[in-house]
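The chain contents come next:
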Amino acid sequence: MAEAAHFQGTGASPARRWIRRTGALLAGAPLLAGLLQLPAAGQAQAASSDTVSVAVDSLSPSAPTDGDTLTVSGTVTNNGKQAVTGAHVGLQVGPLLNTRSAIDGVSRHSDDLQSGTGSEIGGKYEEKFSKLAPGVAEHFSISVPVDKLDLGEDGVYKFGVSLSGQTSARPWDRVLGIQQTFLPWQPSEAGTKTKTTFLWPLISTVHMTARTGAGELQTPVFLNDDLAKEIAPGGRLAQMVELGKDLDVTWVIDPDLLASVDAMAGNYRIQGDGGTTTAGTHQAAAKQWLANLQQAVVGKEVVALPFADPDLASLAHSGTSVTGSLSHLKDATDVAGITVKTILHVTPTTDFAWPVEGAVDPSIMKVATSAGADRVIARSDSLQETAGLPYTPSAARPVGGGTTAVAADARLSTAFEGDLTKADSATLAVQEFLAQSLEVNAQTDEQRSIVVAPQRMPTASQVQAMAAALKALQDGNWSQSQNLTAAAKAKPDPSATTRIPSRSVYPSSLRKQELPRTSFEQIARTQDKLDNFKVILSDQSRVVTPFGRAINREMSTSWRGRSTEADSFRGDVEAWLDELADQVKLIDKSETKLSGRSATIPVTVQNNLVQPVSHLVLRLTSSQPTRLKIGGKAYYEQPVDVSGGHSQSVKFTTSANANGRVTVLAQMYTEDGQEYGDPVSFDVKVTEVTPTVMLVIGGGVLLLVLAGFRMYTQRKRAAARQAEDNGPDAAGEDIDDEPGNPGAPGDRLPEESDARSGADDPEQPSDPAPDTAPESADPSGTGERVDR
């Protein structure tokens, strides 16, 4: 990008500013010539081991104006082996920096002794040290009125803090250490202010599993308790909310984070080893964080990313070739707005997509907009300018098809990366950010809309630096706040590039971190299992909702660089779904014996789920229908409905045509014909009764009847003879009343009684065979139960 301060099409003010800056550089030429004539020992000082490190821990105010007093504090540390004597810390104000590239150059060599800043302010605005012992750090603090800095026109000044002194090896005064930074100078309101949009991302890693506790409440289970640390006072996310509430920012939120904290506000459990869980105890912190966030976003724009912040680049490069992958992005987008509105009570914007680090190519743009988003947050180092513009154009870029790429400024967006735990690193980051922002505004009198999209998950120290810089920017005189939607709708610069870079130039460092195709294949397999499982449930939401969100989490951007953890998470989701689906199953069955032409065979279906299941059919199939038929044919099906926590025996009518062993297969199917669960195979042993056996049995029964009749007639004749022998006096007695008389109603012979009471008799060999439960002395399969 060309960065001259004067170019065709700008107003007169930038041109005059360029002339004044050039004059200032020419005026400093004699000073530069004098510096080149320093002793050779001075030129070699950078190579000396007797150096001192200078750390600027605080510079306040970051962007001073007229009447302010600038206070610079920090530490100096003697890194050499000799003591430094006659030392003092001084402040140096260098020339104006006319381009953003010049600011980059100073930042890259901020502690280079040979790139001196300029002459010291001198006088009483320094701090002296009689001696700096090796390895010892000394604190300094210098306050100087801004009018003593001799600042001229508006712009960014090179600013240095140096330590000078001498050692016994080199006993002359020289600069031993320096730290260079920037001093933005805009004491009055700028004629044209840059409209600045700063994204404030509330995003975390995946915390919730697909597992929930048994019972109606479905207690959520978390991977760990790390989220509690982030939302606790002083934690990363707690600071983002606390600091962000007073800033003019656009909140960019992953709805999964809200859902996770909301789940923590109730009963939740933490996953342990071996399938164990422990109770979570941070409900109060979760409730407080949500309450604080609800207050912080009032009156601010809230942009909801798709649920769990899916990795758009991985999806574009590896997922689109797997059927169904894009449908998960649509689902994640649809649920995003509902989640944010339910928890935060605000209506978010859901038409923005944000690829990792704003890197785009045609396939990423296609995927990003496939779920309804028509604005993609890109970055200027991806959408590189090709027209040689000498200024930074506005962020909005119409790229065709009704899609707008919002190109965040790369320098401003990456200003707070790296380790900012030390105060000096954070201070330098803040000053460089402000310097770049002011230089953007100084490029032209045309007002532009600039977007800052920092890293997705800044650390606590990075958040603090971001907040400090943004507070100074909002208090400055060259920028005004604007939300993201307004930036996307701003009038685009006609000369700014709208060409999406080809896939071949997508950064290889980012590609190496993407989810592979195998990840999306596993996701598709899990979705197929979920689709097969949910059709049998009476309350699908108890399963579809937690697993649907878990599948969204499997595609999260937060898995980048964490492939092992990502594989483990996906495997656990699939394994848990398999375990739940296996709660509805067939009970194993032992061999069944049939001792007749027909019988009924029970097969038990067990449902260990909380909810009832239905829309299942159970098919019983005979391997040899010529020997054994089920329901009169090779197989038969019956519907299955089982209450939660119960078992049900489904009975099938069978008919045998020949003796022998027949293997029978029981298999459940969903109503759409998909197999469900594992089949159960068992043997049926048929022992059919033949006609010859029936004749033998019938002949035996006939002989018994005839024998009984003969005994009866013989007794009757004997009784008659006895009556004749007793004479005529016995003729009037009723022989039916005699005890033991075979004709008495209450005194029947055993044989006679058996022959006359067939309905109440014990089962005879010729009776129809009963159900198979009593026909075998062998025990049935373990756990097999009849209807409850």
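Calculation rules
Residues numbered from 1 in each chain as written. Predicted model: local features only at pLDDT ≥ 70, side-chain atom pairs only at ≥ 80, totals over all residues. Heavy atoms only, no water. Helix = DSSP H or I, 4+ residues; strand = E, 2+ residues; numbered from the N terminus. Contact = heavy atoms within 4.5 Å. Areas by Shrake-Rupley, 256 points an atom, 1.4 Å probe, with all protein chains shown as cover. Pairing = 2+ DSSP bridges. Axes fitted to C-alpha atoms, helices over the stretch in contact; angles between N-to-C directions. Buried < 20%, exposed > 50% of the residue type's maximum accessible area, 1.4 Å probe, protein only. Polar contact = N/O pair within 3.5 Å; in protein donor to acceptor, adjacent residues only side chain to side chain. Expected span 1.5 Å × (residues − 1). Salt bridge = Lys/Arg side-chain N within 4 Å of Asp/Glu carboxyl O. Phe/Tyr/Trp six-rings, centres within 6.5 Å; stacked < 30°, edge-to-face > 60°. Lys NZ or Arg CZ within 6 Å of the ring centre and 35° of its normal. Core = buried A, V, L, I, M, F, W, Y, C linked by side-chain atoms within 4.5 Å. 1 Å grid on protein atoms, 1.4 Å probe; cavity = no way out; pocket = protein on both sides within 12 Å on 5 of 7 lines; lining within 4 Å. Points joined across faces, edges and corners; volume = space filled by probe spheres on them. Nonpolar A, V, L, I, M, F, W, Y, C, P; charged D, E, K, R; others polar. pLDDT = per-residue confidence, 0-100. Parallel < 35°, antiparallel > 145°, perpendicular 65-115°, else oblique. Left-handed = near helix turned anticlockwise from the far one by under 90°.

## Topic: the overall build of the protein
Then step 1. Secondary structure assignment for the protein yields 21 helices and 29 strands.
Then step 2. The contacts of the protein with a sequence gap of at least 6 include a subset with a gap of at least 24, amounting to 78%.
Then step 3. Here the protein has roughly 36,500 Å² of accessible surface; of this, 52% comes from carbon and sulfur atoms.

## Comments concerning the sheet that holds strand β1 (residues 52-60)
The strands that make up a sheet pair up through hydrogen bonds in the backbone, lying either parallel or antiparallel.
Then step 1. Taken in spatial order, the 3 strands line up as β1-β2-β5 in an open sheet, and their pairing is antiparallel. Each edge of the sheet is formed by a strand with only one pairing partner; in this case those strands are β1 and β5 (137-145). Here the average twist between neighbouring strands, direction ignored, is 20 degrees.
Then step 2. Where strand β2 (residues 69-78) meets β5, 9 bridges bridge the pair, whose relative direction is antiparallel. In the sheet register, Thr75 faces β5, and the bridge partner there is His139.

## Quick notes on the sheet that holds strand β18 (residues 403-408)
Then step 1. Pairing is mixed in the open sheet, where 4 strands are placed in the order β15-β16-β18-β17. Lying at the two open borders of the sheet, with one neighbouring strand each, are β15 (352-353) and β17 (396-400).
Then step 2. Pairing geometry for strand β16 (residues 375-379) and β18, over 5 bridges, is parallel. Considered in β18, the bridge of Ala378 is made with Ala407.

## Topic: the side chain of Gln239
Then step 1. Its location among the elements puts Gln239 in helix α6 (residues 236-244).
Then step 2. Residue class for Gln239 comes out buried when judged on its relative accessible area of 15%.
Then step 3. There is a polar contact of 2.7 Å between the side chain of Gln239 and the side chain of Gln464.

## Comments concerning helix α14 (residues 460-475)
Then step 1. With 16 residues, α14 extends 23 Å from end C-alpha to end C-alpha; this agrees with the ideal 22 Å at 1.5 Å per step.
Then step 2. Buried within α14 are the following residues: Ser461, Gln462, Val463, Ala465, Met466, Ala467, Ala469, Leu470, Ala472 and Leu473.
Then step 3. Among the structural elements, β8 (194-202), α6, α13 (423-442) and β20 (479-481) are those in contact with the buried residues of α14.

## What about the pattern of salt bridges?
Then step 1. Scanning the model with the defined rule gives 27 salt bridges in all.
Then step 2. Between Glu189 and Lys193 there is a salt bridge, with the nearest N and O atoms lying 2.3 Å from each other.
Then step 3. In this structure, the salt-bridge partner of Glu230 is Arg236, at a minimum N-O distance of 2.8 Å.
Then step 4. The network of salt bridges with shared partners includes Arg525, Lys529, Glu574 and Asp578.

## Topic: the environment of Ala581
Then step 1. Within the secondary structure, Ala581 sits in helix α19 (residues 563-581).
Then step 2. What Ala581 contacts, discounting residues up to four positions off in sequence, is Phe533 and Tyr676.

## Here's the deal with the side chain of Lys589
Then step 1. Of note, Lys589 is situated in the loop between β21 (584-586) and β22 (592-594).
Then step 2. Of the polar contacts made by the side chain of Lys589, one reaches the backbone oxygen of Pro602; its length is 2.8 Å.

## A few points about the packing of aromatic side chains
How two aromatic rings sit relative to each other is given by the distance of their centres and the angle of their planes.
Then step 1. A complete count under the given rule lists 7 aromatic pairs for this structure.
Then step 2. Ring centres of Phe222 and Tyr268 lie 5.2 Å apart, and the angle between their planes is 65 degrees; this geometry places the pair in the edge-to-face category. Of this pair, Phe222 sits in strand β10 (residues 220-222) while Tyr268 sits in the loop between α7 (255-264) and β12 (269-271), placing them 46 residues apart in sequence. Residue Phe222 shares its accessibility class with Tyr268, and that shared class is buried.
Then step 3. When the centroid spacing of 6.4 Å and the interplanar angle of 25 degrees are considered together, the rings of Phe533 and Tyr676 count as stacked. Taken together, the residues span a long stretch of sequence, with Phe533 in helix α17 (residues 517-534) and Tyr676 in strand β29 (residues 675-686) at a distance of 143 residues. The pair Phe533 / Tyr676 is uniform in exposure class, with both members buried.
Then step 4. Connected via pairs of aromatic rings, a cluster forms that spans Phe198, Trp200, Phe416 and Phe433.
Then step 5. In this structure, Arg456 packs its charged tip against the face of Trp354, placed 4.4 Å from the ring centre.

## Focus: unusual backbone geometry
Then step 1. Cis geometry marks the peptide bond from Ser60 to Pro61, where omega comes out at -5 degrees.
Then step 2. By the secondary structure assignment, Pro61 is in the loop between β1 and β2.
Then step 3. Backbone geometry places His615, a non-glycine residue, at a positive phi of 60 degrees.
Then step 4. Along the chain, His615 falls in strand β24 (residues 613-622).
Then step 5. On the accessibility criterion, His615 (39% relative accessible area) is partly exposed.

## As for the nonpolar core
A general feature of soluble globular proteins is that nonpolar side chains tend to end up buried together.
Then step 1. Ranked by size, the top nonpolar core spans 74 residues in total, and within it Phe533, Phe547 and Leu618 carry the most contacts.
Then step 2. In terms of residue count, α19 provides more of this core than any other element does, 6 residues in total.
Then step 3. Contact partners of Phe547, with chain neighbours within four places excluded, come to Ala210, Leu530, Val573, Trp576, Leu577 and Leu580.
Then step 4. Core analysis: the next-biggest nonpolar cluster, separate from the first, contains 67 residues, Ala190, Met264, Ala286 and Leu293 among them.

## Describing empty space enclosed by the protein
Then step 1. Evaluation of the coordinates by the stated rule reveals 4 cavities of 30 Å³ or more.
Then step 2. Approximately 60 Å³ is the volume attributed to the largest cavity.
Then step 3. Around the largest cavity, the lining residues are Pro306, Leu312, Leu329, Thr333, Thr350, Phe352, Ala353, Ala368, Ala371 and Ala373.
Then step 4. Taken together, the elements giving at least two residues each to the lining of the largest cavity come down to α10 (325-344) and β15.
Then step 5. In the lining of the largest cavity, the residues fall into 8 nonpolar, 2 polar and no charged.
Then step 6. The space that makes up the second largest cavity amounts to roughly 50 Å³.
Then step 7. In terms of lining, the second largest cavity is formed by Leu305, Pro306, Asp309, Pro310, Leu312, Phe352, Ala353, Trp354 and Arg456.
Then step 8. Taken together, the residues of the lining of the second largest cavity sort by class into 7 nonpolar, no polar and 2 charged.

## Some words on the pairing of strand β28 (residues 660-670)
Then step 1. Bridging between β24 and β28 involves 7 bridges; their strand directions are antiparallel. Its bridge partner being in β28, Arg619 is matched across the sheet by Gln667.
Then step 2. Here 9 bridges tie β28 to β29, and the two strands are oriented antiparallel to one another. Its bridge partner being in β29, Ala666 is matched across the sheet by Val680.
Then step 3. Counted between consecutive antiparallel strands, the loop separating β28 from β29 contains 4 residues, among which Gly673 sits at a positive phi close to 90 degrees.

## Focus on the confidence of the model for the protein
Then step 1. Mean pLDDT over the protein: 85, with 82% of residues reaching 70 or higher.
Then step 2. In this model residues 1-49 is a low-confidence stretch, pLDDT under 50, and it forms 59 contacts with partners more than four residues away in sequence or in other chains.
Then step 3. This stretch, residues 728-788, has a pLDDT under 50; its non-local contacts, to residues over four places away or in other chains, come to 62 contacts.

## What to know about the packing of α7 against helix α8 (residues 283-296)
Then step 1. Direction vectors running N to C along α7 and α8 enclose 135 degrees, while the axes themselves pass 7 Å from each other. When the interaxial angle is binned, α7 and α8 end up oblique. In this structure, α7 crosses over α8, and the sense of that crossing is left-handed. Here Leu257, Leu258, Val261, Asp262 and Met264 of α7 come into contact with α8, specifically with Gln283, Ala286, Trp289, Leu290 and Leu293.
Then step 2. Looking at the contact of α7 with α8 residue by residue, the class counts come to 8 nonpolar, 1 polar and 1 charged.

## Here we look at the environment of Pro602
Then step 1. Along the polypeptide, Pro602 turns up in strand β23 (residues 598-607).
Then step 2. On the accessibility criterion, Pro602 (15% relative accessible area) is buried.

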